[in-house]
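Summary of the model geometry
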Amino acid sequence: MSSVNKVILVGNLGKDPEVRHLENGVSVATFPIATSESYTTKDGRRVEQTEWHNVVAWRGLADIAAKYLHKGRQVYVEGKLRTRSYDDKEGNKRYLTEIVAENLTLLGRKDNEFGYTNSDVANTPKIQDEIASIHNDAADDLPF
């Protein structure tokens, strides 16, 4: 039987995407997304628990993220989990789990609460068309 590595998140950006351009011209954007859930304890207290997720977008999707995503913006992210390791400054091995984005959908309110314009939200279908064209044009996979 084959396996499935699929993540779906709906959350708010914790900060604007950070975009880098690799030597071969490939764009990569990273940004954190917060998801929250609430529950009531046995004693009637309401508790909200927030989880932070590191998201990575490559190539054209990175460019879309840089152009349209801003801190506080609500977004739907589809992707897959990836865990990688690195050595910190003291030589200790560290592990980092990220969501590699395969699809983004802008969500949220149509007001200017988070610094984006009404036209950004109104153009969400246009933005989704841009994202779809990226998937149609993708001739190769991620560089790892």
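Structure: see above.
Report on the accompanying structure. (Residues numbered from 1 in each chain as written. Predicted model: local features only at pLDDT ≥ 70, side-chain atom pairs only at ≥ 80, totals over all residues. Heavy atoms only, no water.)

Considering the environment of Arg84
- Summarising the element assignment, Arg84 is placed in strand E5 (residues 74–87).
- In this structure Arg84 comes out as partly exposed when scored by relative accessible area, which is 36%.
- Along the chain, Arg84 and Leu96 lie 12 residues apart, while their C-alpha atoms are 5.5 Å from each other.
- Beyond its immediate stretch of four places on either side in the chain, Arg84 contacts Arg94, Tyr95, Leu96 and Glu98.
- A polar atom in the side chain of Arg84 sits 3.0 Å from the side chain of Glu98. (Helix = DSSP H or I, 4+ residues; strand = E, 2+ residues; numbered from the N terminus. Buried < 20%, exposed > 50% of the residue type's maximum accessible area, 1.4 Å probe, protein only. Contact = heavy atoms within 4.5 Å. Polar contact = N/O pair within 3.5 Å; in protein donor to acceptor, adjacent residues only side chain to side chain.)

Observations regarding the pairing of strand E6 (residues 93–106)
- Relative to E6, strand E4 (residues 46–58) runs parallel, the two sharing two bridges. Within E6, the position partnered with Val56 by the bridge is Val100.
- The turn joining E5 and E6, which pair antiparallel and follow one another in sequence, is formed by five residues; a positive phi near 85° is taken by Gly91. (Pairing = 2+ DSSP bridges.)

What to know about the pattern of salt bridges
- The full count for this structure, using the stated rule, is seven salt bridges.
- Residue Arg45 pairs with Asp43 through a salt bridge whose shortest N-O separation is 3.6 Å.
- The class of Asp43 is exposed, set by a relative accessible area of 59%.
- As a salt-bridge pair, Arg84 and Glu98 come within 3.0 Å of each other at their nearest N and O atoms. Within this pair, whereas Arg84 is found in strand E5, its partner Glu98 is found in strand E6, the two being separated by 14 residues in sequence.
- A residue is classified by how much of its surface remains accessible, and Glu98, at 4% relative accessible area, is buried. (Salt bridge = Lys/Arg side-chain N within 4 Å of Asp/Glu carboxyl O.)

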